[in-house]
Amino acid sequence: MKRINIIIGLMLIVFAFGCEKEYEPLMKYSDVQWMSSRFRSENNALGLNNYESFSDLSQGALTHQWSISDTSGIKWLNGNIIREDKDYTKFIREDQSLETTDLTVHALFTKPGVQTVRLYNTYSEFVEFKGRDTIPAIKKGDVWVIDTSFVVDVYDTLQPALKVYDQNDQLLLDLTHDTNVDLSDSLNWQAVELQAGEFLTFVDETVIDRPTGRNWSFDGGSPATSLEKSQKVSFYRLGEFYASSITSTRDGEQIPYGNQKKNIPLKIKVVKSELPFKIVEANELPNGIIELTLNGEIEAFENEESNFTVSYVNQVSGVSGTVGVSSATINAASGNVINLELSEPLYNSDDVTISWSGGSIMSLDQRELDDLSNLPTVMYIEDLCKDQTYFGFEGGSLSASKWTGEWDNQSLVTVSNEQAKDGYYSLRTEINADPAQGKTKMHQVTEKDAEGKWVPVIPIPMVSGKTYIWSFSYYEPDAPSSCVNALVGRLLPWGGEIGSWIQNYTKGEWNTFTKQFTYTGASTHRYMQFQVVSSGNVDGNRVVYFDNISLLDYELRP
């Protein structure tokens, strides 16, 4: 249990001494000090219907007052709160007022938006608050006044909103944030009839209150789930589906966590298709299996392996050929997918095509599979930098993304949402036009390993002798002139670095650097560094952004 009217042990001590009747101070003095239940955190964000405590620890004040606006929705609390409490309305004081002379107040925020709690103290002598900011008292008449406000950004409950479009981009459903959906009323929901293999597009339109992501769930759809803002969903199985939903999410270092689910009031009926039954795409999986997606669910079959032809052309090595199919089966999780296991491996530098003819594969609604000729296959390429938290800077801060400014460049490097190639964030750096500054550098956060060598906290597990394709995107705002001489990207350590020197690029748009190389060295010692070099042209500071780092494991055919 925690007492709502006590914030920290320090305040207990202060109050305890204040209650000692025999204690007489050696001299009277004035001082200004305050504290909140966030312990002076710079984070001023709070979720709706949560509370914050404020304490005036000042000494020698002539008058003291906390106050709030009559439109703030703030309610004063008292009593004890236990950890399990979620509803704080039972602690609302009966004697509500806009002002109070209590030294400690507990404010419940019941209205979203930017709200303030004001502290107004007067003193007989000059005082000064010294914290992150220095706030001196102002002389008004015969007294010195401290007049300050604590600003709290109150986040509302998330309120999901979305739109659904058909295959012709016609709007089917506009579900606004204030629409309540009752699952028990699903029989009366809007009905949509699709032929097997047709798709709908679901678009997240949530704005209230500042979501950072979403989780889709699509009943009967493919894919069955998604995190994307806009998602095309195909429906292959015959039947009626109405359990789709969206869950808006909010998460981050400086914002209150939140999630809110809303069902999608569509009753989707999938019927037999009048379209040709065909293979629509081919993808290689990490385990080497070729996954064929069809536009309908497949009736059980056997002995179709010889009717598939897998061909490859390798432009790098100058060879071509075919690979046998050792097994062709229906995917256990998706009835509209065929998995092909091959008799020998393919390489992701191959250009691969799939053909099929002469067999008797049928859909569940009794359509015969069309012949297929040379369908391109998307090859799987492992990206060692696929985690966008660290290599797309979606952690939202330097500490979360594990990057840092080098040496004395820390103040010039941040993770910013001003520009982004993809996602919400990028790495931002600033360079001074003064040639004496020369350059700014930034790199992955590193630490020393058991051998005393610097390794990245987020490792890049490269293998000596393998070939990789390294790429990253960069952006410099357009301007008549620039103090930027060059952008530099490096894979360190020094002495064996793989680098780039970029000078000719288009300002005002995102550019992408790409380099193929064969790696030699240890598997754990590589880390990335970016550098912006000044030309010395004095036209003011310039800003450059980096984003979308990729390091592809590129397989060369022997």
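These notes cover the structure that comes with them. (Residues numbered from 1 in each chain as written. Predicted model: local features only at pLDDT ≥ 70, side-chain atom pairs only at ≥ 80, totals over all residues. Heavy atoms only, no water.)

1. Comments concerning the overall build of the protein chain
- Each helix and strand in the protein chain was counted, giving three helices and 46 strands.
- The buried share of the protein chain, taken over its 558 residues, is 45%.
- Considering only intrachain contacts with a sequence separation of at least 6, the fraction spanning at least 24 residues in the protein chain is 70%.
- Of the accessible surface of the protein chain, which amounts to about 28600 Å², a share of 48% is contributed by carbon and sulfur atoms. (Helix = DSSP H or I, 4+ residues; strand = E, 2+ residues; numbered from the N terminus. Buried < 20%, exposed > 50% of the residue type's maximum accessible area, 1.4 Å probe, protein only. Contact = heavy atoms within 4.5 Å. Areas by Shrake-Rupley, 256 points an atom, 1.4 Å probe, with all protein chains shown as cover.)

2. Topic: the sheet that holds strand 21 (residues 225-226)
- With antiparallel pairing, the four strands of this open sheet are ordered in space as 21-19-24-25. Single-partner strands in this sheet number two, and they are strand 21 and strand 25 (258-263).
- For strand 24 (residues 245-250) and strand 25, the ladder comprises six bridges, and the chain directions are antiparallel. Looking at strand 25, one finds that Arg-250 is bridged to Gly-258. (Pairing = 2+ DSSP bridges.)

3. Here's the deal with the sheet that holds strand 22 (residues 230-235)
- Pairing in this open sheet of five strands is antiparallel, and the strands run 16-15-18-22-20 from one edge to the other. Edge positions in the open sheet fall to strand 16 (171-175) and strand 20 (221-222), since each of these has one partner strand only.
- Here strand 15 (residues 162-165) runs beside strand 16; their pairing, made up of four bridges, is antiparallel. The residue of strand 16 that forms the bridge with Leu-162 is Leu-175.

4. Quick notes on the nonpolar core
- Leu-427, Trp-470, Phe-472, Phe-517, Phe-546, Ile-549 and Leu-551 are the most contacted members of the largest nonpolar core, which has 34 residues in total.
- Residue contacts for Leu-427: discarding those within four places in its chain leaves Phe-393, Leu-398, Trp-403, Val-413, Thr-414, Val-415, Met-442, Phe-530, Val-544, Tyr-545 and Phe-546.
- Residues Leu-294, Ile-338, Leu-372 and Leu-375 belong to the second largest nonpolar core, which totals 26 residues. (Core = buried A, V, L, I, M, F, W, Y, C linked by side-chain atoms within 4.5 Å.)

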